[in-house]
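Listed here are the chains, written in short residue letters.
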Amino acid sequence: MTELTQDYFEQLDRQDPLAPLREQFVLPEGTLYFNGNSLGAMPRAMTRRLMDFTEQEWGHEIVRGWVTQGWYGLPQRIGAKIAGLIGAAEDEVIVSDTTSVNIYKLALAALQLKPGRTGIVTTQDIFPTDIYILEGVQSTLPGKVELSLTDADAVLQAVDQQTALVVLSPVNYKSGALYDMAQMTTQIQAQGALVLWDLSHSCGAHLVDLNGIGADFAVGCGYKFLNGGPGAPAYLYVAKRWQQQIQQPLTGWKGHANPFAMSPHYIPAEGITRMLCGTHPVVAMTCLEVAVDLFAGADMAQVQAKSRRMGELFITLAEQCCAAYGLELLSPKDSTQRGSQVSFSHHSGYALVQALIGRQVICDFRAPDVVRFGITPLYQKYQDIWQTVTILHEILATEQWRNYPAAPTATVT
Ligand SMILES: *Cc1c(COP(=O)(O)O)cnc(C)c1O
């Protein structure tokens, strides 16, 4: 194996085909940013775009902007661009609402598409909002929905002829472990159930091929690997074969066949547009589009390859120099089994993360003891890994983490 030296990391940066993209992002000087899986960095073009938006679009066109500036079509237009990142056709993806709201719409739609079936299956370790929303689906239809929470490796055993929908995230947000999306989809559909993939930790980070695997539905958020900004709008995918029949519960006017007819009854629009509810946030969508456009310069296969390589290097270095201090790898070691993050457990994980943040290494803590480093190949350098593990080692070897509180005091960790 090549010896891991600082020179080697610098050499990898010189050879990196994605290196020019880093210049397209703003990152504070000296910060080592490993939290792009929570909030992506800001694209450099954002400031200029927002100035143009206020001066030339909103400030000049006012209400005419819906037509003259193309605001009206933003959900479909950005949806089509995101489709290219997840193996979907352009008219199968639309940007709308939040991931949570989109799960609600699709879960109720799935129950309606599978009359007679009452089961929804998801995993205990999925991102909590997914579970909370499914509990909300249960209370919307009292006594009519059975929700099963399973262990990650017991999903298929929980799926039967009563199951209408299975909700899964390809990536475990704590450990980074990946599902085989193709295999899970096929086996769930073999029971006659539908699958909803939550791509929040996948889109923009690794290869996803929704149509290749015959997926039914997907959702995902715009602010993590897509870099759309804090609270950026989310997106959803409905496979073409369901678009004629699907009915969603939030039947707002923007999903109507003819919103401006102002008719007293709801008639769903054709295609994916019926998944919209109310008027979309144009400013937030403008930001999201700037960010999504940066992916035009990135080949997703290269993004995935760099993510895997960075993860491998992080793990190898950390195991070489930090294992003696109680840091244990939680993520799968095999990079084909791992999403774009590396997680460790440590008995004083919270304090350790605070100590890292004190040294400008921005990573995060997830209860009970998980130290999580998100990997974002668009704007990270290989050298960031070298520097971060060097700092991590120093903090562990000198027990600097003892200077920090042992348990969370802030609301956001
Ligand atoms: C981040 C994340 C969400 C966030 O949902 P919001 O409605 O945007 O708050 C949902 N699901 C998963 C899997 C996530 O990682």
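Owing to the predicted nature of the structure, the values given are computational and were not obtained by experimental measurement.

From N to C terminus, the chain includes 14 helices and 15 strands. Against the 2.2 N^0.38 benchmark of 22 Å for 413 residues, the chain shows a C-alpha radius of gyration of 22 Å, consistent with a compact globule. A principal-axis box enclosing the C-alpha atoms of the chain has dimensions of 70 × 55 × 40 Å. By the burial criterion, 53% of the 413 residues in the chain qualify as buried.

This next bit is on a nonpolar patch on the surface. On the surface, Tyr72, Trp253, Phe260 and Met262 cluster together to form a nonpolar patch covering roughly 450 Å² of accessible area. Structurally, the position occupied by phenylalanine 260 is in the loop between strand E10 (235-238) and helix H11 (282-293). Residue phenylalanine 260 is classed as exposed on the basis of its relative accessible area, which comes to 54%.

Quick look at the nonpolar core now. With 82 residues, the main nonpolar core has Ile82, Ile86, Trp197, Leu199 and Phe217 as its most contacted residues. By residue number, the principal contributor to this core is helix H6 (residues 99-113), which donates nine residues. Once residues within four sequence positions are removed from consideration, isoleucine 82 is found in contact with Val93, Val95, Cys203, Leu226, Tyr235 and Val292. Leu327, Ala351, Val361 and Val371 belong to the second largest nonpolar core, which has 36 residues in total.

All right, on to the packing of helix H1 (residues 6-15) against helix H14 (residues 382-397) then. Here H1 crosses H14 at 155°, and the two axes come no closer than 7 Å. Our classification of the angle between H1 and H14 gives roughly antiparallel. The segment H1 lies against H14, with Gln6, Phe9, Glu10, Leu12 and Asp13 engaging Tyr382, Gln383, Ile385 and Trp386. Of the residues assigned to the contact of H1 with H14, the class counts are five nonpolar, two polar and two charged.

Where burial is concerned, the two faces of E10 agree: the one with Tyr235 and Tyr237 and the one with Leu236 and Val238 are both buried. Alignment of strand E4 (residues 93-95) against E10, held across three bridges, turns out to be antiparallel. Across the sheet, valine 95 pairs through a bridge with tyrosine 235, a residue of E10. The pairing of strand E9 (residues 217-220) with E10 spans four bridges and is antiparallel. Bridge assignment links valine 219 to a residue of E10, and that residue is leucine 236.

Take the packing of H6 against helix H7 (residues 128-140) next. At a closest axis distance of 9 Å, the pairing of H6 and H7 adopts a crossing angle of 45°. With respect to H7, the axis of H6 lies oblique. Our pair here, H6 against H7, has a crossing hand that is right-handed. Across the interface between the two elements, Ser100, Ile103, Tyr104, Ala107, Leu108 and Leu111 from H6 touch Thr129, Asp130, Ile133, Leu134, Gly136, Val137 and Thr140 from H7. Class assignment for the residues of the contact of H6 with H7 results in eight nonpolar, four polar and one charged.

The antiparallel open sheet is built from four strands, whose spatial order is E11-E12-E15-E14. Here the strands that pair on one side only, and so sit at the sheet edges, are strand E11 (328-329) and strand E14 (364-366). Summarising the sheet, strand E12 (residues 341-345) and strand E15 (residues 370-374) pair through five bridges and their orientation is antiparallel. Note on E15: the bridge partner recorded for glutamine 341 is glycine 374. In the packing of helix H13 (residues 349-358) onto the sheet, the strands contacted are E14 and E15, and the crossing angle to E15 comes to about 40°.

Take the pattern of salt bridges next. Here the structure, examined in full by the defined rule, presents 16 salt bridges. For the salt bridge of aspartate 364 with arginine 366, the shortest nitrogen-to-oxygen distance reads 3.7 Å. The class for arginine 366 is buried, based on a relative accessible area of 19%. Bridged by salt links that share partners, the residues Arg77, Lys81, Glu289 and Asp293 form one connected network.

Cut-offs and rules
Residues numbered from 1 in each chain as written. Predicted model: local features only at pLDDT ≥ 70, side-chain atom pairs only at ≥ 80, totals over all residues. Heavy atoms only, no water. Helix = DSSP H or I, 4+ residues; strand = E, 2+ residues; numbered from the N terminus. Rg over C-alpha atoms; globule rule 2.2 N^0.38 Å. Buried < 20%, exposed > 50% of the residue type's maximum accessible area, 1.4 Å probe, protein only. Patch = residues over 30% accessible without salt bridge, like charges linked within 9 Å, V, L, I, M, F, W, Y side chains within 5 Å. Areas by Shrake-Rupley, 256 points an atom, 1.4 Å probe, with all protein chains shown as cover. Salt bridge = Lys/Arg side-chain N within 4 Å of Asp/Glu carboxyl O. Core = buried A, V, L, I, M, F, W, Y, C linked by side-chain atoms within 4.5 Å. Contact = heavy atoms within 4.5 Å. Axes fitted to C-alpha atoms, helices over the stretch in contact; angles between N-to-C directions. Parallel < 35°, antiparallel > 145°, perpendicular 65-115°, else oblique. Nonpolar A, V, L, I, M, F, W, Y, C, P; charged D, E, K, R; others polar. Pairing = 2+ DSSP bridges. Left-handed = near helix turned anticlockwise from the far one by under 90°.

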